[in-house]
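A look at the structure
The primary structure of each chain is shown beneath.
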Amino acid sequence: MTDGLDLLIFGAHPDDAEIGMGATIYKHTSAGLRVGICDLTRAEMSSNGDVETRKREAEEAAQILGLAERTNLGLPDRGLNAGKEQIDAITLEIRRLRPRIVMAPYWQDRHPDHVACSHLVKEAVFNAKLRRYLPQSEPVLVEKLLFYFINDVYEADLVVDVGEVYDRKTAALSAYRSQFTEAGPGNDYVVTPLNQSYLTRVEERDRLLGQKLNFTYAEGFVSLMPHEVNLFV
């Protein structure tokens, strides 16, 4: 049994977690916390790159961010659904890695796989605590389930100041050359939303959110449950 994680971030594809919260991930790992990413699919339906390339890019990004774990469940890209088999796979991964906090994509996004991932993880977090569900594995009670934004941004409940570590997010995203390199002469990439100044828009988004609190950059999150504080000052 592995030591438990402080944070476990689920994404539908390698690069989802980095887009949504790469700087927050590094802020936690650099503070000595154990952080992992679990990618549900190998992104085999991506228009650019291939499975092996994406795997190498994900491993490079994991090194840049200082992850304690990076796993891939190998579920079908563009085939995520609410079926029991997929929920069980995520439930067992939560029980194996025993995270205190789980993060998933926000439940509204232009990419259907991100939406499906959000719902699957929510179901699995609930199931993971039930001792009679998959009784061959030990139940795990996740303290918090939080959601991060990928493509479409809504109002954040929680905001993390990431100005001092934002360069690590940039570096981690730059590892995904197959996704963000502009199509043109000398390569066989095709035009997609990801290679049309997408990273510039992500940076602008994070800068705009930070501006609300006088931060250089910020990443935002949503909680289904109230977030407790002991004192307001």
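Okay, so let's go over this structure. (Residues numbered from 1 in each chain as written. Predicted model: local features only at pLDDT ≥ 70, side-chain atom pairs only at ≥ 80, totals over all residues. Heavy atoms only, no water.)

**Overview of the overall build of the chain**
Looking only at helices and strands, the chain features seven helices and seven strands. Each helix (α) and strand (β) of the chain, taken in turn from the N terminus, gives the series β-α-β-α-β-α-β-α-β-β-α-α-α-β. At 17 Å, the chain has a C-alpha radius of gyration in line with the 17 Å of a compact globule built from 233 residues. Taken along its principal axes, the extent of the C-alpha atoms in the chain is 55 × 45 × 30 Å. (Helix = DSSP H or I, 4+ residues; strand = E, 2+ residues; numbered from the N terminus. Rg over C-alpha atoms; globule rule 2.2 N^0.38 Å.)

**Topic: the packing of helix H3 (residues 84-97) against helix H4 (residues 112-128)**
The relative placement of two packed helices is expressed as an angle between their axes plus a distance between the axes. Interaxial distance between H3 and H4 falls to 8 Å at its minimum, and their mutual angle equals 55 degrees. Between H3 and H4, the angle is such that the two are oblique. When you trace H3 past H4, the crossing you get is right-handed. Judged by residue contacts, Gln 86, Ile 87, Ile 90, Thr 91, Ile 94 and Arg 95 of H3 engage Leu 120, Val 121, Glu 123, Ala 124, Val 125, Asn 127 and Ala 128 from H4. Considered class by class, the residues forming the contact of H3 with H4 number eight nonpolar, three polar and two charged. (Axes fitted to C-alpha atoms, helices over the stretch in contact; angles between N-to-C directions. Parallel < 35°, antiparallel > 145°, perpendicular 65-115°, else oblique. Left-handed = near helix turned anticlockwise from the far one by under 90°. Contact = heavy atoms within 4.5 Å. Nonpolar A, V, L, I, M, F, W, Y, C, P; charged D, E, K, R; others polar.)

**Some details on a nonpolar patch on the surface**
Together, Val 229, Phe 232 and Val 233 make up a nonpolar patch on the protein surface, roughly 450 Å² of accessible area in all. Here Val 233 lies in the segment after strand E7 (218-223). Residue class for Val 233 comes out exposed when judged on its relative accessible area of 93%. (Patch = residues over 30% accessible without salt bridge, like charges linked within 9 Å, V, L, I, M, F, W, Y side chains within 5 Å. Areas by Shrake-Rupley, 256 points an atom, 1.4 Å probe, with all protein chains shown as cover. Salt bridge = Lys/Arg side-chain N within 4 Å of Asp/Glu carboxyl O. Buried < 20%, exposed > 50% of the residue type's maximum accessible area, 1.4 Å probe, protein only.)

**Considerations on the packing of aromatic side chains**
Counted by the stated rule, this structure contains six aromatic pairs. Judged by centre distance (4.2 Å) and plane angle (35 degrees), the rings of Tyr 106 and Trp 107 are tilted. Note on Tyr 106 and Phe 149: the rings are 5.2 Å apart at their centroids and 65 degrees apart in plane angle, and the pair reads as edge-to-face. You can see Tyr 106 sitting in the loop between strand E4 (101-105) and H4 and its partner Phe 149 sitting in the loop between strand E5 (144-148) and strand E6 (158-161), a full 43 residues away along the chain. The two residues Tyr 106 and Phe 149 agree in class, both being buried. Members of the aromatic cluster, connected to one another through ring pairs, are Tyr 106, Trp 107, Phe 147, Phe 149 and Tyr 154. (Phe/Tyr/Trp six-rings, centres within 6.5 Å; stacked < 30°, edge-to-face > 60°.)

**Regarding the nonpolar core**
Ranked by size, the top nonpolar core spans 36 residues in total, and within it Ile 9, Ile 25, Met 103 and Tyr 148 carry the most contacts. Sequence-distant contacts of Ile 9, defined by excluding residues within four places in its chain, comprise Ala 17, Met 21, Ile 25, Val 35, Gly 36, Ile 37, Cys 38, Met 103 and Tyr 148. Counting 30 residues, the second-largest nonpolar core is a separate cluster that includes Leu 80, Ile 87, Val 125 and Val 222. (Core = buried A, V, L, I, M, F, W, Y, C linked by side-chain atoms within 4.5 Å.)

**As for the environment of Ile 101**
Checked against the element boundaries, Ile 101 lands in strand E4. For Ile 101, a relative accessible area of 16% puts it in the buried group. Measuring from C-alpha to C-alpha, the distance between Ile 101 and Arg 201 comes to 28 Å, with 100 residues separating the pair along the chain. Residues within four places of Ile 101 in sequence aside, it is in contact with Asp 6, Leu 7, Leu 8, Val 142, Lys 144 and Leu 146.

**Observations concerning the pairing of E6**
The two faces of the sheet receive side chains in turn, since in a regular strand these alternate between them. Burial along E6 is one-sided: the face carrying Leu 158 and Val 160 is buried and the face carrying Val 159 and Asp 161 is not. Relative to E7, E6 is paired through four bridges, and the arrangement is antiparallel. Bridge pairing in E7 places Leu 158 opposite Phe 221. (Pairing = 2+ DSSP bridges.)

**Side note on unusual backbone geometry**
One non-glycine residue with positive phi stands out, namely Arg 78, at about 65 degrees. One non-glycine residue, Leu 134, lies in positive phi territory at about 45 degrees. With respect to the helices and strands, Leu 134 occurs in the loop between H4 and E5. For Leu 134, a relative accessible area of 15% puts it in the buried group.

So, to be careful, I would describe these as geometric facts and stop short of saying anything about function.
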